[in-house]
Amino acid sequence: MRLAPILGRRLLGAAALIAAVLLLNFILIHLAPGDPALTIAGGMGGVTEEILRDIRRAYGLDAPLHSQLLLYTERMLSGDLGRSLFYNAPVLDLILERLGPTVLLVLTAMSVALALGTFLGVLASRRPGGVVAHFVTGVTLAGYSAPAFWVGILLLLVFSAAIPLFPVSGMYDVRADGAGLPRALDVAHHLVLPAITLAIVFLAQYSRIARASMLDVLGADYIRTARAKGLSDRAVLYRHALRNAALPVVTLAGLQFGNMLSGAVLVETVFNWPGLGLLAFESILRRDHPTVLGILFFATAMVVVANLLTDIAYRIVDPRIRAGTAATGRPR
Amino acid sequence: MTPRAPGPVRQTWGMVLRNGSAVSGLALLASVLAMTLIVPAFYPADPFDIVWRPLAPPGEAPALPLGSDFLGRDVLAGIVHGGRATLAVGASAAAICVIIGIAVGAAAGFYGGLVDGGLMRIAEFFQVLPALLFAMTLVSLFGPDFVTIATAIGVVSWPPIARLTRAEFLRIRELDYVRASRAVGASDRRLIWRVILPNALPPLIVAATLTVGAAILFEAGLAFLGLGDPNAMSWGLMIGANRDFALEAWWTVTLPGLAIFLTVLGVSLVGDGLTDALDPKRHDR
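Residues numbered from 1 in each chain as written. Chains lettered and ligands numbered in written order. Predicted model: local features only at pLDDT ≥ 70, side-chain atom pairs only at ≥ 80, totals over all residues. Heavy atoms only, no water.

**Things to note about the overall build of chain B**
Assigned secondary structure in chain B consists of 12 helices and zero strands. Mapped in sequence order, the helices and strands of chain B form the string α-α-α-α-α-α-α-α-α-α-α-α. Principal-axis analysis of the C-alpha atoms gives chain B an extent of 75 × 55 × 30 Å. Counting all 285 residues of chain B, 51% fall into the buried class. Considering only residue pairs separated by 6 or more positions, chain B has 71% of its internal contacts joining residues 24 or more positions apart. For chain B, the accessible surface area stands at approximately 12900 Å², while carbon and sulfur atoms represent 66% of it. Charge-centre separation for chain B: the mean point of 20 positive side chains lies 14 Å from the mean point of 20 negative side chains. (Helix = DSSP H or I, 4+ residues; strand = E, 2+ residues; numbered from the N terminus. Buried < 20%, exposed > 50% of the residue type's maximum accessible area, 1.4 Å probe, protein only. Contact = heavy atoms within 4.5 Å. Areas by Shrake-Rupley, 256 points an atom, 1.4 Å probe, with all protein chains shown as cover. Lys, Arg positive; Asp, Glu negative; His and termini not counted. Charge placed at Lys NZ, Arg CZ, Asp CG, Glu CD.)

**Structural notes on the side chain of T209 of chain B**
Residues and elements named next belong to chain B. Positionally, T209 belongs in helix α10 (residues 188-224). Residue T209 is classed as buried on the basis of its relative accessible area of 14%. Apart from residues lying up to four places away in sequence, T209 is in contact with V267, V270, G271 and L274.

**Brief notes about the interface of chain A and chain B**
Taken residue by residue, the interface counts 47 residues in chain A and 40 residues in chain B. Overall, the association of chain A and chain B removes approximately 3800 Å² of surface from exposure, summing both partners, and the carbon and sulfur fraction of that is 80%. With a shortest N-O distance of 2.9 Å, D272 of chain B and R208 of chain A are connected by a salt bridge. If you look at where chain A meets chain B, you find six residue pairs in polar contact (both at pLDDT 80 or more). Residue contributions to the side of chain A that touches chain B peak at 10 residues, all from helix α13 (residues 289-317) of chain A. (Buried area = accessible area lost by both parts, 1.4 Å probe. Salt bridge = Lys/Arg side-chain N within 4 Å of Asp/Glu carboxyl O. Polar contact = N/O pair within 3.5 Å; in protein donor to acceptor, adjacent residues only side chain to side chain.)

**What about a nonpolar patch on the surface?**
Residue and element names in this part refer to chain A. Residues V112, L116, F119 and Y238 make up a contiguous nonpolar surface patch of about 320 Å² in total accessible area. Per element, the largest residue contribution to the nonpolar patch is three residues, and it comes from helix α5 (residues 91-126). Residue classification places V112 among the partly exposed residues on the basis of a relative accessible area of 33%. (Patch = residues over 30% accessible without salt bridge, like charges linked within 9 Å, V, L, I, M, F, W, Y side chains within 5 Å.)

**A closer look at the layout of surface pockets**
A volume near 310 Å³ is recorded for the second largest pocket. Around the second largest pocket sit 20 residues that line it, and L285 of chain A together with L225, G226, L227 and G228 of chain B are the ones nearest its centre. Contributing elements (two or more residues each) for the lining of the second largest pocket: α12 (276-285) of chain A together with α6 (131-142), α10 and α11 (235-242) of chain B. For the lining of the second largest pocket, a count of residues per class yields 12 nonpolar, six polar and two charged. (1 Å grid on protein atoms, 1.4 Å probe; cavity = no way out; pocket = protein on both sides within 12 Å on 5 of 7 lines; lining within 4 Å. Points joined across faces, edges and corners; volume = space filled by probe spheres on them. Nonpolar A, V, L, I, M, F, W, Y, C, P; charged D, E, K, R; others polar.)

**With respect to the environment of G219 of chain A**
Within the secondary structure, G219 of chain A is located in the loop between α8 (180-218) and α9 (221-228). Relative accessible area serves as the criterion here: at 60%, G219 of chain A is assigned to the exposed category.

Any functional reading would require information beyond the geometric quantities listed.
This is how it looks when you write it as structure tokens:
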């Protein structure tokens, strides 16, 4: 199969998923106890009859359900994710404002987890059942079993309180209003602990996949050939095996994006990192439903896009998948 | 008389008991269960009662071996009584997840075709939803009661179980003994529940075990965010409530977190041991 038709099918699938999230949001608004207008308005009170009337008109809440859904879809697809009464601002603006910090945090954590996880996985694959392998298993099991928010607080206790190396919260020092490089360094300084926290949680999965994939590859004939040629252990592991074993790890990274966003909610809350997760948390406490629903929609759309990109990327990277021969192992 | 071979359950149990990580996991879980189910009877202090000055370090008051929290509540009482909510929600959520996952995966793998396609699209949908955000949204719209929280966690966690069940069903349904049962006229229901499912169980048991761990972490996360049941003390709730005082009073957050960590570690160790014990490829090791 060529790339174009597959791409077309994937795009259609992605569009269907986004439509499904839209429908889910709509259903949630109507299933929530009480008046849907009140759900859309949100807020801990202070909602006037006038505001409710405006919302009913804007969302056609007096019309039959199917025309409501149509109107709702139209609004959402034109980028109108609703209006936050707390901020008195469009939800989309609020989300876009907070998107940068979350993407920075998630991508940094993912890179750290990917690099460290792969490294640990390779270490463990060298001698299965050995001391190093057991150590790696122990470390990753502990990382997987620890609640993310607790790891974050422990890191704060050690590296902010006991040894004051890193700032306690926020994304930059409010006293310094620098720009350019000093600003970037300031953000990086604030980023260290949250990124490590998030990375620790996902380390286990990467190192496990990396180990399994390496063990698979290390049994292959071309590895025996490489060893027979007298190549060093390191050259065999990193130049020959890892290249071929990396694909499942990279795929997992793409598919993990949604879980990373979930983890980011907890980590951002611990470190007061001004991203989408913190906004979601604060909005729930304020009963700011339009913002919460908007974030759910936006985040899911991001996951769909991330999955789509992963899919396309590994089709391009791995010629076996591109040619559609991976399943059967023989050319067309 | 020929000696009978031990049954499959007994065999598996034997393999589990020979596995170091499974045994240490079981021991860890047993102590956690004892602490949450038996110890409260001997330590009936109400974890919500204010009994001392706030943020007293461990050992300051003889009655408070683990100190007090930001309101002056007994941390030890919180740890002893806070396990029940966490474990109950974790176990119920995992049960919901496993039931949905097996039902969907079995139907998809057994019937194939359109049923399979449709069900797997639904699974895909729940897999792209950021789980915690979705659960937070449900709780914020429907309120933080036990049923909502357990359902929210279960509903977002079933796709991996469904995929695994489906894969096992696809493999097993073509095996000779299934064809034979089909040939002698076994009903679909019998084939699914009595013929295929029991043979698909080993990997599902491992996955279900790991699901319990994930559900406990999930509940702890929600409770930490203040979205758990506010009327039930739980480990996550303790950490969330004392978060702002964590740097002055480490014991208020470190100790409940340790309880969550050890519980999930116990579950993960058992899961790890089961993987080794149930994986036929590893028996020669």
